[in-house]
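Analysis of the macromolecular model
If you want the building blocks of each chain, they are given just below.
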Amino acid sequence: MADKPLEQMGLRDLRGIMRQQAPVEAWKHFNGAAETKSTFHRNPRAFQQYLFRQKIFHDVSEPDLSIELFGKTLPIPAITAPVGSFSLIAEHAEEEVADGTDRAGAMMLVSQASHLSLREWRGTRSAPLVFMAYMNRGKPEVEEYAKTAEDLGFAAVGITMDTVKPVKIGDEVPLSTKDGKPRKGHKSTPKDIEWMKQLVKLPVVVKGIMGADDARVAVDSGADAVIVSNHGGRILDFNRSALEALPEVVDAVGAKVPVLLDSGIRSGGDIVKAMALGAKAVLTGRPVAWGVGAFGARGVARVYDIFAEEMQRVLVMTGVARARDVTKNILIRDDWGRKS
Ligand SMILES: Cc1cc2nc3c(=O)[nH]c(=O)nc-3n(C[C@H](O)[C@H](O)[C@H](O)COP(=O)(O)O)c2cc1C
């Protein structure tokens, strides 16, 4: 594998190299998920339910992948997900993730559980950043972070609201990688969204929405965007996949706010499928971890190149000139084996 140049590697190569190189505990943590891992496995499988409708008679040869989000133009509709424990992979993994994302010009969501300060995440980088709070860290700390994010020119702030119960790796609740203390679940309320709205002038994003009712509550409380996510299968075993929850969230609030999605994105084709079903953009967690674990910042930048190359291929082969215009007309539900 390693004798292949990085430019020819795919995500599976990066995953394999990360697995060999990263500390065993880091691999287990990133490849782990709650209990039987049914949600973790269902997330990527859900994308396989959709096939593309190939179309070759058209003029599309170099599709435009860019989108607008929070007033920023992004070259690709993929975003680095907030991950509090990149530093398990390597001492400087957080800096490398920031550098690699920056090299791709992509947006990055920064977790309050991560080790670097917001100032360090910003550094001299120009990639648009979004601060993602955990309300269990207490309002004073969240307030300080949110205001710092605003001062540093972050594009938005947000709250991760689905850790009502703590994440699990198999049957264990791992210790916090930030302070080494046992993790606890915590309930955030719609009032926290209202509180965040009056705290800063930035758009407020709510992460961890898995249904229409919660989406409406979040938007009625002031959310400027929602992220459909089951936390990569780390909290509730036998949850629906994020992709399955996406259409009802788009129906409920998609006309009012951008709907983003994460959990299970493993290719540029998956990004196109999520967008065809109404997502404005996607977040990617574990693929970024594979990239940084395999080749540091270069590996992270390669993850974005892979996504872009794969998106280009799908959009050319389905005749879509601009990713942001993709509709579900390019998708066919795979009913193979279900017809009698
Ligand atoms: C090791 C690990 C740590 C994570 N830490 C956070 C975090 O601190 N805050 C947060 O909002 N989400 C966190 N997440 C969830 C990700 O933001 C994202 O929802 C998930 O990784 C998406 O699924 P994917 O890994 O299949 O792309 C974490 C995920 C992993 C795998």
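Right above here is the structure, for reference.
Reference entry: report on the structure contained in this document. (Residues numbered from 1 in each chain as written. Predicted model: local features only at pLDDT ≥ 70, side-chain atom pairs only at ≥ 80, totals over all residues. Heavy atoms only, no water.)

1. Looking at the site of the ligand
Among the 23 residues in the neighbourhood of the ligand, the closest are listed as Pro-82, Ser-111, Tyr-134, Thr-160 and Asp-262. Ser-111 has a polar side-chain atom sitting 2.7 Å from an oxygen atom of the ligand. Contacts to the ligand include Lys-207, whose side-chain N or O atom sits 3.0 Å from a nitrogen atom. Within the complex, the protein chains bury 98% of what would otherwise be the 610 Å² of accessible surface of the ligand. Looking at side-chain class alone, the shell around the ligand contains six nonpolar, 12 polar and five charged residues. (Near = heavy atom within 4 Å. Polar contact = N/O pair within 3.5 Å; in protein donor to acceptor, adjacent residues only side chain to side chain. Areas by Shrake-Rupley, 256 points an atom, 1.4 Å probe, with all protein chains shown as cover. Nonpolar A, V, L, I, M, F, W, Y, C, P; charged D, E, K, R; others polar.)

2. Examining the packing of helix H1 (residues 11-21) against helix H11 (residues 286-318)
In a pair of packed helices, the angle between the axes and the distance between the axes together describe the arrangement. It is at 10 Å that the axes of H1 and H11 come closest, and there the two elements cross at 170°. Our classification of the angle between H1 and H11 gives roughly antiparallel. Here Leu-11, Leu-14, Arg-15, Ile-17, Met-18 and Gln-21 of H1 lie close against H11, whose contacting residues are Pro-287, Ala-289, Trp-290, Gly-291, Gly-293, Ala-294, Phe-295, Gly-299, Arg-302, Val-303, Ile-306 and Phe-307. For the contact of H1 with H11, the class distribution of residues is 12 nonpolar, four polar and two charged. (Axes fitted to C-alpha atoms, helices over the stretch in contact; angles between N-to-C directions. Helix = DSSP H or I, 4+ residues; strand = E, 2+ residues; numbered from the N terminus. Parallel < 35°, antiparallel > 145°, perpendicular 65-115°, else oblique. Contact = heavy atoms within 4.5 Å.)

3. Examining helix H7 (residues 190-199)
When we look at burial in H7, the residues that qualify are Asp-192, Ile-193, Trp-195, Met-196 and Leu-199. Buried positions in H7, seen along its axis, are confined to an arc of 160° and lie on one side of it. Projecting away from the buried face of H7 at angles above 90 degrees are the exposed residues Lys-191 and Gln-198. In this structure, the buried residues of H7 make contact with strand S6 (129-133), helix H6 (139-151), strand S7 (156-160), strand S8 (204-209) and helix H8 (212-220). (Buried < 20%, exposed > 50% of the residue type's maximum accessible area, 1.4 Å probe, protein only. Arc of directions from axis to C-beta.)

4. Section: the nonpolar core
With 114 residues, the main nonpolar core has Ile-89, Met-196 and Leu-261 as its most contacted residues. For this core, the element with the highest residue contribution is H11, accounting for 13 residues. Apart from residues no more than four positions distant in its own chain, Met-196 is found in contact with Ala-133, Val-142, Ala-146, Val-157, Gly-158, Ile-159 and Val-204. (Core = buried A, V, L, I, M, F, W, Y, C linked by side-chain atoms within 4.5 Å.)

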